[in-house]
Every structure is written in C-alpha cells, then in structure tokens.
Amino acid sequence: MFFKRSQNDALVAKAAETAAVAAGAATPLTAEELRRVVDPASLGFASTNDLEPISGLIGQDRALKALEFGTSIKSHDYNIFVLGPPASGKTTAVRQQLAAKAAQGPTPHDWAYVYNFDAPNRPKALRLPHGRAKLLAQGMIGALTELRSVVPGVFEGDDYQARRRAIDEAFRSSQEQAFEAVNMKAQQQNIALLRTPTGFTMAPMHEGKVVKPEVFNALPENMRREVENKIEALQKELGDILSRVPKADKKRRAALTELNEEVARIAVHEALDELRAAFADVPEAISYLDAAEADLISNIALFLANDEENAVVRQPLDTAHDVRFRRYMVNVITSNGDDGQTGAPVIEEINPTYGNVVGRVEHIAQMGTLVTDFLLIKPGALHRANGGFLMLDVRKLLLSPFTWEALKRALKAQMIRIEQPMEAAGLISTQSLDPEPIPLDVRVVLFGDREMYYLLVAYDPDFARLFKVQADFDDSIARSEENDRAFARLVASIVKEHGLQPVDASGVARVIDEGARLADHRDKLSIEIGRIADIVREADHWAKAAGRSVTTRDDIERAVDEHLQRSDRLRDRSLETFEQKIVLVDVEGSKVGQINGLSVLQLGDFSFGRPSRITARVRLGSGRVTDIEREVKLGGPLHSKGVMILWGYLAGQFALDVPLALAATLVFEQSYGGVDGDSASSAELYALLSALSEIPIKQSFAVTGSVNQLGEVQAIGGVNEKIEGFFDVCKQRGLTKAQGVLIPKANVQHLMLRHDVVEAVKRGEFSVHAVSSINEGIEILTGVKAGSRGSDGRFPAGTINRLVEDKLRSFAERGRDFARKNGEDAKR
Amino acid sequence: MIAHVAQAGEDRGRVVLHVCSPQPHALALLAAVKIAQAFQSEIESLFVEDVQLFDCAAFGFVREVSLSGRSSSKLSADSVAQSLKLAAQGARRELERLARSVDVPLRTRVVRDDPMQALRLACSEVGPWNVVALSEPFTGGFTPMLRTMFDAIEGTTGLILVGPRARRITGPIVIALEDMGRLPDLLRAGERLAALDDVGIVVLLVAPDAQRLHDMEMSARMALAGREKLRIDHAIVSREAPAVAAEALRRQAGGFVICQFGGAVVPDEGDLSPLAASLECPLLLVR
C-alpha cells in the first residue's frame, strides 16, 4: 500500500451517486447513422441489363486529366507515374486511355538491324517506313534464293567458262611456252631439266639421261667448262621465268576477279533490282542495298561453295537458315502497321527484366564457344513501344537488376543502346556487338503505389526530372446520386466483362453498400475494382447455385459473408478465447480503473476488431505514468506518445498550482504482441480518471479514440471493425441492452457497420455513442457528471473532475508531508 | 585390270600409284583409292626417288633453282634425299588416311630408280591386272609418256590421270564410248564406280560424223534399254579436234570419266592441252 484512503472517501462515493442522475443524458447514435443504405428503388433501374456499362474509371477526374496532359505534351521527360491502390482498375483504365490516344497518333517507323559491311561488330540500325521492314527482310531472302539458283548456272555456263579458260590459258601458255622454250633450249644443248622436291635443277644429258658424274669428269676441262657455262646461263634464264610466275599469276587472278565481278555484278544487280525499286523512296535502304550488292559481288564464291552440312543431310537448307548468307539477312526489330493496324503502339511489359526492356544480344554455343551476330539482337519493350507508350510496373522494374538505370539512361539520351548489363555497369569489357543506338520517342507510364512514388521522389533525383506527370488515382470517390449511378454502371461493366448474369437493383444497392464499407466511409465509395468484381462474380456463382437467373441482394450478401467466413478462422479462435475466459474481458458490471479498449488485427486482406482489457493503478509518486507496454518494449512510438499526452492532459487539467505527485501504471492486459497507435489513449485516460476518482467504469462499454492534451477525442481508424469486434463478444456473452461502444464523433462519418450490429441497435440491444471530449465520455462510462470549473475555480463537488482533482491535491499534500518528515529525520 | 577384270569377272588386281612428284595431286590419290574401292583391290604406292637427281647432285657446279626462281643453291645428295624422304612420308600419311577411311588395303614402297623402270618392275611383279595411277597432273605434252606406259609396261591395263584443273570426284560416271565393242566392259567398270556413290552413268557416244553417231546410238539404245540411272548423250568429234571432245566431256560435269586410249578423246598422238584445260574430274584411261 502506498497510501491510505482519505476520510473524505465516503463522502466522495455519496457525491458520485448524486451526480449519477445526469447519466444517460448522452444519446446514442441511431441505426441510420450506423450504416448508410441505398434504397434499390432510388436507383431507377431493374437490373444491370438496363444500364450502359461504363468505360474507364469513375470519379478519377484528376488522374485522368493528368494522363491526358502527360500523353499530349510533346516532351521526352514528361513521362507518367500512375499511383494508386492495387486492384483499383487503374491499369485497365490507363490502357484504354492510352489505346484511344495511340489510335489517333501516327504509326511509327519500322526498325531493323542489318550487317555493317564496314564494321561488322557495329550492326547498323535501319529506319524504314512502317510495315516495310518485313518486306525488306523477305526481299533479301528472295534475292539470295534467286542468286543461289542463278549464280552457279552463270558460273558453270559456257560463256563464263570460255572466258575463264581463256584467261587461264593465256597465263598457262605463256608460262608453259617460256618454260618449254628453256626446256627445249636445254635439250638442244644436251642439258636435262629436272624437278627436285623444292625446285628445279639442270645437268648434262646424253641420250635423254643425265650423264654419270664419272663420265662427265672424264671430259676435257674446256668441254666441261662449256657445259657448266651453258647450265649457268640456262639456270639464270629459268630463274627469270619462274620469278615472273607470281606476277603473272597475280595478273591472272586480277583478270579472273574482274571477270567474276563482271559476271556477278549482272546477276546480283538483277536479283536486287526489284528490291531497289521497291525501296527507291528510302535512301537508307538504298544505301544498305548498295553496300550489300558490293559485298555480294566480292563474295560471289559463297554461292558456288559446296556446303558440307547440306551434303550430309542431302537436303539444301533454305536461304534464311543458311549460315553462309546470314550477313545479308535483315533482323526486323519492330514492324508496325501489320495487318492494317495503325496508330502508335501501346506495350505493356509484364516481366520488365533488363533484356526485356532494353533488348539484348543473344549468343549461341558453337564448338564450346558463345558466338553472336546482328541477327541475334532481340528487341526490348522500348523498341516495340518506340513512337508510342510503354506501361511498366515500377515495383517489378526496380526489383530487376540494372533495369531501372538502363531505362533512365535511355529516356535521358532518347536513344536505345543495347549493351550487356555487366558491360553497361563497366564490369566487363568483352568485345561483343555494339549495335547502333536507335532514337527513342516513347512515353513511359509507370504503375505503383504512393509509397513507391514518394520514395523515388525522395531518393532518386533523376526520377522527378523524367517522370513529371503524376496521375494520382484515388481509392474512393464521394457518394452522390451521380456517383452511385456511375457505380451501378461499373457493376454492369463487370457483369459484361466477365459474362455474368444480370444483377438486380437490390443487388447493386448492396454492392454500393459494400463499396462504402470498403471505403471505410459512409459518404464514400471504394473503387477497388478488383474486390468489387470478386464480390459480383462470387455472388453470380451463388445465384446460379440457387437456381436464380438474376443476382440479388441475398447473393451479394452471401458472397460477402462467405468471403468473410473463408478468412475469419482467426476471428473465431479469438472469440473462443473470450468465451472460454482465457482472455478476460467483462461486458457487464462496473470496475474502478478498468476499461475495455478496442484494437484491430489485420491479417492479409481481412481485419477484425477485438476488445482488450486496459487497467490503471495510481499511487503517490513523483509524477510519472508508467506505460508497461513501453517498458517491456511492446508499445510502439505512437502508443507511447498517446500515453504521454494523457499526462499532459492530467497536468493541465488538474495540477496547475500543485505538483503532480502521482505515479500511475497503465497496461493492456493479456497483450502478448506489440501495441501501437494512439486509438486507445482515450480509454487509458478514462481508466486513469476512474482510478483517481475511484468511480467505477461500466464494463458494458468499450472505448476507442485518441485524445489530445486538451481532452478532445480524436478520430481513429478501423472504427467499424472495432465496434463489430466488441459487439461479437457481447453477443457471445448475451446482449444486455446496456452494452455499447464509445467512438470519436469524428468517426461517425466512417460508420458502415454490419447489418446484425445495426439491427441490434434498432432493437435497443446495443448502442454506439459518439463523443467529442473526455468529459462526455467519462460521464457515459461512469454515469457521473464530469464537471466544469466554476467561478471559484473549483469543479463542482461529486463530479469526476472534482474527485480527481481532490485526489491529486491529497497526493501533493501527502507528498509534501512525506518530504518534510524525511527532511527532519535526516536532520536528526 | 579394270576393264579387263570387269570383262573377265575377276576381282583380282592392283592399283599401282606411281608417285614421282614430291607434291602429289590430292585428287589423284583420291581417284586411286576410289578405283581400288570399286574393284576391291589393293593399292601399292610406289614412291620413286629419281636416281637422276642424285646424279645431278654429284656435279659440283649444279645448282637448284627455287620454285619462285628468286634463289638458287648448291644441290647436294643429302638435301635431295632428305626432301624426298619427307615428301614420301607426307604422301604416305595422306594415302593411309584415305585408304583407311574406305578399308582399302595399302602397301607403300620407296625406291630409288629411274621412274619408268621402277614402275615397269612394280607392275611386272604382279601383273597383268595393274592400273597405274599417276600422281602428277598430266599436261598437253603427256601423250608420249602415256604411249610409253601402255607400250612399255605390259602389266598396265589402265591409267588413272588427273588434269591440272581437276577439282571434283563426285557426279555421274561418264563413259566416252567410241567403239561399241567396248561397251560391255566399260559399262561394267562404270557401274562399279557408280555404285560407290549411288550416282548415274552417262554414256557419251563419240563418233566422227552424224551417220556413225546415229548407228552407234541405235545400237547403244538397244543394248542399254531398261537400265535405270543411265543416260545417253552424243558428240561428233573428229580426231583433229580434241578440243571438241574435251568440251563435250566437261559439259557432262562428271565425277569420273572412263575412255579408251588412242581414240578421238585421248589420242595416242598430238596435244592433250584442251583436255588438261577442261577436265575437272579424274580420267580412267584403258587400253
């Protein structure tokens, strides 16, 4: 025991009883205030069959205007960030909007990569009028196929062969003649000309045979000298002839090359002639065809060589797959305007990896080595969207290594440069292809949530420069007749899109109710299209299961209930703990310093409320409220802040001229997890006031709401779930007509309670009270007047505030006496 | 061998590859192997080190002019022997590779002798079913040598030759027929070769005038009626116009040509230059 009860305590209790007369003055909310319900008759249609499905979004004027602006402005850095809640239908709506915009835009050019005959590792990017890149590719294959059949014939032809033989013969005969002349001359002089493994040699000859050395050596010296001189002269002559061979052969090869080119030129020119005519209006294509023609002429042997592989399979490969002709193929990167489609492209890349966005150079394994060429350049989404719009999910984009930086680089440079990611990061420098960059004109539309948007704005300076348009999609729209009707049309479009049976007016009204519940606001409608579509589709299922051809209110109701039932296993377990008294909560009677607080548990897309007992104990102390949750590190910062605010309230309200000689402890009983948020701060204050005034709190009430230092009760979140959570526990224990919940007045607008709760209120079995101040609340909870300071500066006797103030003053006096006594003891 | 073996229905025989050139023509080796494969005979490679080169080397003043003509050096017996040894090894290796690939038995021999004498001896050892394959491309002035070979080497029944422009050994077997009496044996030889690659046969009838050609064609068509993968073509060739015969053969784009020596196609006198300039496949020349 820290202190004894004062002698006035009995008086206090009596005064409290007197003040209790005022209790019940606070009027609970009416059933109408707890849930806004749409009257099906007011909707003005029988079923969704009578409604025109809505195209696009409702109530998103700001976002749509931003989109319109972003897609119209002609500037490369006005890319768009679409932010809003997931499953709100924004992607579909944006896609539709972009498609409409793109249809009015010009059809962009085609792009193709072709071989660079001057620098093979730098493929050239070829810009072609839309729809013609494929024609060029097919045309080249056609021309090559023609050359494959024509060229061998031309080169095997009599005309070519005769001219070639003439060149060969001219060379050969001149050589042979010269050689033969030396040979004849040598023979006439009895000198033999012989071939050695590495050249030629000469020796004296007799009767066609080389003279044996011993025979030759027997000759007189002058004769031997004469023979030696002859041989020496002939060898010189032979040397001269042989040394002329390379030059002559060079001339022969030059003549043959000239002949080959002349013959090839005619064939190649004819093969490419049609293509050249078809692309006469495209200088870049003509320039490429010129280069290809020159290369084909100088490599005409490609069409004459035997292909080993072909021989093995004994089936000629088609030209497009013949490796010999790869360099003449055209790699079509983008082809627009195919199949009569016109307008700018709208591309959505659902897997935005580096390669899928920027494009990549693929490799093939060949003899254990990875090789590549310009035909292995694969386009990315930027290529496909060039001239139009590219839609990307920002979260996926950021999760993909290197991609975000690559996208920004492309947007800043207005060029698509295909690089290996590691190369772009400067980590490797392997020589690979360096394709010519392609000019980029694209409007990127990123999709993400608000958190992601603000993170990017804060941490990436490039982001704000490149994404100047923010299309902010709201997650709810205001309730109005017009919007209710638009919402009904939205239901009609869901029905149409999913091929469902019609929903009658009662069903639509129930969907609208659910829309308000999802928005957590009686005057707003959630436009979380995904969830609404789920409800309508599930209701369609239940309607069909019940043999109905129209989906009604009951089906919608069932869909909502079934959805809840599928997810509320934990809620049931939670209720069980109350039933079995594992978790202690009183829902009747009164207790000092004890109150029912309310909390919300969020589990995935399902949340539910549950009561928690909060207790407060007070004693003489040095002015400190101990928040046990914080002491054991289970309380979050917001919760701690709320507790500190109580202290501010107590000090300001009751201890202006005396020290606050109070020590108090506050605890969420049986709370084994973290507690955060300040929605229990009013409940904690009520418990503290009860403990100080020693006036018991009715346990039939639960409380939610935060409080400020002035004692005003402020709005909190999850109000519906919290009320329903307490209602469920009360219902489990048996409704006593005295049970209810105190909520902040500011939360009345958020009320969209379950039907069973509303019905209970209608029957007077349950109540919801909206309060705006602590004084209002404590009066309802205790049935005792809170009291206001009178002209004497004191609270009226018997009121809660008076009792609290008296208790605090008595603490202060006791504290002073205690200090004095301690001081005297110390002196002694 | 060949034609005669075919005629006699015998499989015995031998291909004597006469290598007297340090750089044998690749297609000549291949042609020799192919003939041996077709007739299931063996190959005897005879690399001849021309004894005259060693006589030359014995002269102190004799020099060797390089193939480029830009340098000359003293010819020594050792350097000649070493070069010939290396050349023989190279030729043997290549031949072994080819023979092994088609399971043709191979024997190799290196002799130092007069080339013609060496060949004569080699053929006489087994005879008479020898086909001599020459490793060196024939030229316009080769006729006397061919004549010598057929005359002097009794064991030779045929010669395999390649021209300087030889580059192909695949394609139809072309039989240049000038004497209807030789049709059966030349055809059998052709069929054996054609069977190796499953190719067709072209019988090119060669006669000096239209009437003779007409008569030959009638006989040939009767003799060859009903044969599959066989085509008859014809050319009027007089002995004075070897270029016409050469062109007629070239146009067939054959993989092997079989003809007899001493006719209009390969005369036993005169210039072989037109044939050398146009023939792109090996030639099997029979007596």
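Here is what the cut-offs are and how they apply
- Residues numbered from 1 in each chain as written.
- Chains lettered and ligands numbered in written order.
- Predicted model: local features only at pLDDT ≥ 70, side-chain atom pairs only at ≥ 80, totals over all residues.
- Helix = DSSP H or I, 4+ residues; strand = E, 2+ residues; numbered from the N terminus.
- Buried ≥ 20, exposed ≤ 12 C-beta atoms within 10 Å, placed from the backbone.
- Contact = placed C-beta atoms within 7 Å.
- Axes fitted to C-alpha atoms, helices over the stretch in contact; angles between N-to-C directions.
- Parallel < 35°, antiparallel > 145°, perpendicular 65-115°, else oblique.
- Left-handed = near helix turned anticlockwise from the far one by under 90°.
- Nonpolar A, V, L, I, M, F, W, Y, C, P; charged D, E, K, R; others polar.
- Pairing = 2+ DSSP bridges.
- pLDDT = per-residue confidence, 0-100.
- Core = buried A, V, L, I, M, F, W, Y, C linked by C-beta atoms within 7 Å.

**Considering the overall build of chain B**
Argument step 1. Counting its secondary structure elements, chain B contains ten helices and twelve strands.
Argument step 2. Within chain B, buried positions represent 49% of all 287 residues.
Argument step 3. Looking at chain B alone, contacts between residues at least 24 apart form 80% of all its contacts between residues at least 6 apart.

**A few points about the packing of helix α25 (residues 637-654) of chain A against helix α26 (residues 681-693) of chain A**
Residue and element names in this part refer to chain A.
Argument step 1. In the contact formed by α25 and α26, the axes pass within 9 Å of each other and the chain directions differ by 45°. On the basis of the axis angle, α25 is oblique to α26. In the packing of α25 onto α26, the handedness of the crossing is right-handed. Taking contact as the criterion, the partners of G642, V643, I645, L646 and Y649 in α25 are, on α26, S681, E684, L685 and L688.
Argument step 2. Looking at the contact of α25 with α26 residue by residue, the classes come out as six nonpolar, two polar and one charged.

**Points about the sheet that holds strand β10 (residues 230-236) of chain B**
All names here are of chain B.
Argument step 1. Taken together, ten strands build an open sheet; the order of strands is β5-β2-β1-β6-β7-β12-β11-β8-β9-β10 and the sheet is mixed. Edge positions in the open sheet fall to β5 (106-113) and β10, since each of these has one partner strand only. If you compare each strand with its neighbour and ignore which way they point, the axes differ by 20° on average.
Argument step 2. Sheet topology note: the strand β6 (residues 130-134)/strand β7 (residues 156-161) ladder contains four bridges and is parallel. Opposite V132, over in β7, you have L159 as the bridge partner.
Argument step 3. Most of the contacts of helix α9 (residues 242-251) go to β10, to which it runs at about 160°, and overall it touches β8 (173-177), β9 (201-207), β10 and β11 (256-260).

**A closer look at the interface of chain B and chain A**
Argument step 1. Taken residue by residue, the interface counts 26 residues in chain B and 29 residues in chain A.
Argument step 2. Looking at the side of chain B that touches chain A, the elements that each hand over two or more residues are α3 (51-58), β3 (63-66), α4 (77-101) and α10 (273-278) of chain B.
Argument step 3. Per-element accounting of the side of chain B that touches chain A gives the leading share, five residues, to α3 of chain B.
Argument step 4. Across the side of chain B that touches chain A, the residue classes break down as 14 nonpolar, seven polar and five charged.
Argument step 5. In terms of strand pairing, strand β5 (residues 199-206) of chain A meets β3 of chain B through three bridges, oriented antiparallel. Bridging from a neighbouring strand, G199 of chain A pairs with S66 of chain B of β3 of chain B.

**Examining the packing of helix α20 (residues 505-519) of chain A against helix α21 (residues 529-545) of chain A**
Residue and element names in this part refer to chain A.
Argument step 1. Packing of α20 against α21 leaves a shortest axis separation of 11 Å and a crossing angle of 145°. Relative to α21, α20 is oriented so that their crossing is right-handed. Together, G507, V511, E514, G515 and L518 of α20 and R531, I532, I535, V536 and A539 of α21 make up the contact between the two elements.
Argument step 2. Across the contact of α20 with α21, the residue classes break down as six nonpolar, two polar and two charged.

**As for unusual backbone geometry**
All names here are of chain A.
Argument step 1. Residue N190 is not a glycine yet carries a positive backbone phi of 55°.
Argument step 2. With respect to the secondary-structure elements, N190 resides in the loop between α7 (158-188) and β4 (191-196).
Argument step 3. Phi at Q414 takes a positive value of approximately 55°, unusual for a residue other than glycine.
Argument step 4. Considering the arrangement of structural elements, one finds Q414 in the loop between α15 (403-413) and β14 (415-416).

**Remarks on the confidence of the model for chain B**
All names here are of chain B.
Argument step 1. With 94% of its residues at a pLDDT of at least 70, chain B reaches an overall mean of 87.
Argument step 2. Averaged pLDDT values for the elements of chain B fall to 47 in helix α1 (residues 2-8) and rise to 95 in β8.
Argument step 3. Taken as a whole, residues 1-11 scores under 50 in pLDDT and shows 39 contacts with residues more than four places along the chain or in a different chain.

**Topic: the nonpolar core**
It is characteristic of soluble globular proteins that their nonpolar side chains tend to be buried jointly.
Argument step 1. Counting 190 residues, the largest nonpolar core has A112, L390, V491 and V536 of chain A as the members making the most contacts within it.
Argument step 2. Contact partners of L390 of chain A, with chain neighbours within four places excluded, come to I347, E349, A381, L382, A385, V442, V444 and V445 of chain A.
Argument step 3. Within the second largest apolar cluster, 110 residues are counted, among which are L193 and L242 of chain A together with I43 and L161 of chain B.

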